[in-house]
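The primary structure of each chain is shown beneath.
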Amino acid sequence: MTDPVWDVVVVGAGPAGCSAAASIGRCDPSARVLVVDRADFPRDKACGDGIASEAADLLAELGFDVGSVFAGAPPVCRLALRSPAGIEVNRQMRQPVHVVPREILDERLVADIRRRGIEVRRHEVRTVAVDGRGPVVLDGSLRARFVIGADGAESVVRRALGVPAAAKGRVALAIRGYAPELADQDGAQVIVMTQRHWPAYAWSFPLGDGRANIGYGELIGPGPLRRTDMLTRMAALLPGLDSHPDRLRAHRLPLSSGRPAIRAGQVLLVGDAQSLINPFTGEGIFYAVASGALAGQAAAEALRSGLDAGTAYRRLTRERLGRHFLHTSALARLGRWPGLIDAGMRAARADQRVFDDLVHFGLADGKLTGQIIRNLRFS
Ligand SMILES: Cc1cc2nc3c(=O)[nH]c(=O)nc-3n(C[C@H](O)[C@H](O)[C@H](O)COP(=O)(O)OP(=O)(O)OC[C@H]3O[C@@H](n4cnc5c(N)ncnc54)[C@H](O)[C@@H]3O)c2cc1C
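Our subject in this report is the structure included herewith. (Residues numbered from 1 in each chain as written. Predicted model: local features only at pLDDT ≥ 70, side-chain atom pairs only at ≥ 80, totals over all residues. Heavy atoms only, no water.)

### Concerning the site of the ligand
Definition in use: In this text, near means that some heavy atom of the residue lies within 4 Å of the molecule or strand in question. Two N or O atoms form a polar contact when they lie within 3.5 Å of each other; inside protein one atom must be a possible hydrogen donor and the other a possible acceptor, and for residues adjacent in sequence the pair counts only when both atoms belong to side chains. By the criteria applied, helices consist of DSSP H or I runs no shorter than four residues and strands consist of E runs no shorter than two, each listed in order from the N terminus. For this scheme, ten residues count as nonpolar: Ala, Val, Leu, Ile, Met, Phe, Trp, Tyr, Cys and Pro. Four count as charged, namely Asp, Glu, Lys and Arg, and the remainder, Gly too, count as polar.
The local shell around the ligand holds 36 residues, among which Asp37, Gly48, Gly50, Arg102 and Asp272 are the closest. Contacts to the ligand include aspartate 49, whose backbone N or O atom sits 3.4 Å from an oxygen atom. For the shell around the ligand, the secondary-structure elements that each account for two or more residues are helix 1 (15-27), strand 12 (200-206), strand 14 (246-254) and helix 7 (285-305). The residue inventory of the shell around the ligand, partitioned by class, reads 16 nonpolar, ten polar and ten charged.

Now the structure itself:
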């Protein structure tokens, strides 16, 4: 039996896809929504597993039971940073983060939307045909009035739209694994930056059971970036790290400094598929949830009004995240000079409010506040 025409097909059931599906369901409970993913859940995903409190707030707004989603992951309240020049800051965060392995997090998000009656089906999308007059056709048989491409950094939907992949200099590569917490970590989230291969840093994010998600990420430049180089650099930045971390996996991070313009039409891109990763911190889950929520809202508006979904998504994104993206793009250019990051770290060490503003800027939708700019210390 062939499927009917779905109102919306969401491709990808990571945080962006689940948020998009939940958002449509909340804006238009009668919409017929199908989510497809090439994987069965639970499935692993290379990630630092750190989830900002602002992402948790958005998930709660979308109706996710955040208590259950974070169950077993104690809040992480301190952040210990070392800047490229070695300036150290160790402070309490205004709101805690949670570290939940993606194998667990994503399965819980999928279970949550399934409980709401949204169908999640295993299906790998290979082709997307859009003629602008009728439904979008996936793989010759799956038809939808709107498609939300939430299929991650190597998005097939993005490629089908003719949107080029993120260019060198606008994409990072990161490797992560699991290992015992560092000797002096003390339950804090640890980020150690390095001048030598800047922009690059290593991290250790505690899981709450004595183990940590550890990793290293670096901007992809003109030269090769080999796995062995990344592991050597990670070990140099995280002294005392267990020499045999489990489940090492690398993945690309398309940065928001290279995000494509949002196009009009029936197909919307969200999360990593839309290159929404913070160029300073590698944070992408907040953006995935936020963009999923906005695209779901835009699709629901378009179903109701008959107006263009892509145009609505562009407007909603500009209203919600436009200023933040302007500030991150400006700082991404200036931040190629590590001295600026050192100046920010000195200011954060001297003043809790600067630290709070910088965390909000790096993990969610904060701006470059007057507090940050006035307090930058260049020596
Ligand atoms: C090493 C590393 C560390 C990171 N650390 C953090 C961190 O600590 N905190 C943070 O906020 N962000 C972090 N990020 C970024 C974060 O992982 C991503 O931004 C986030 O996963 C994006 O979510 P998404 O839903 O857009 O894509 P994904 O999570 O990649 O989900 C995409 C889904 O689409 C499915 N899919 C792909 N292709 C198809 C297809 N053709 N057909 C059907 N389904 C398909 C996949 O199976 C997958 O389930 C990190 C990234 C990396 C690589």
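Here the narrative resumes.
### Some points on the sheet that holds strand 3 (residues 50-51)
Note the threshold: When DSSP finds two or more bridges between two strands, those strands count as paired. Residue contacts are counted whenever heavy atoms from the two residues lie within 4.5 Å of one another. To obtain each axis, a line is fitted to C-alpha atoms, and for helices this fit is confined to the stretch in contact; angles are then taken between N-to-C directions over 0 to 180 degrees.
Read across the sheet, eight strands follow the order 3-5-4-11-12-13-10-14 without closing on themselves; strand pairing throughout is mixed. On the outer flanks of this sheet lie strand 3 and strand 14, each paired with one strand and no other. Here strand 12 pairs with strand 13 (residues 211-219) via seven bridges, running antiparallel. Looking across to strand 13, one finds that tryptophan 203 is bridged to glycine 215. Along the sheet, helix 6 (residues 227-237) makes contact with strand 10 (171-180), strand 11 (189-193), strand 12, strand 13 and strand 14, crossing strand 13 at roughly 120°. Against the sheet, helix 9 (residues 338-350) engages strand 4 (76-82), strand 5 (88-99) and strand 11, with an angle of about 85° to strand 5.

### Quick notes on the packing of helix 1 against helix 4 (residues 102-115)
For the record, the criterion: For classification, angles of less than 35 degrees are called roughly parallel, those exceeding 145 degrees roughly antiparallel, those between 65 and 115 degrees roughly perpendicular, and all remaining angles oblique. Crossing handedness is defined as follows: a turn of the near helix away from the far one that is anticlockwise and smaller than a right angle gives a left-handed crossing, while the clockwise case is right-handed.
Following both chains from N to C, one finds helix 1 and helix 4 inclined at 15°, their axes separated by 10 Å at the closest point. Classed by the angle they form, the pair helix 1 and helix 4 counts as roughly parallel. Of the two elements, helix 1 crosses helix 4, and the hand of that crossing is left-handed. For the pair helix 1 and helix 4, the contacting residues are Pro15, Cys18, Ala21 and Ala22 in the first and Arg102, Asp106, Leu109, Val110 and Ile113 in the second. Split into classes, the residues belonging to the contact of helix 1 with helix 4 amount to seven nonpolar, no polar and two charged.

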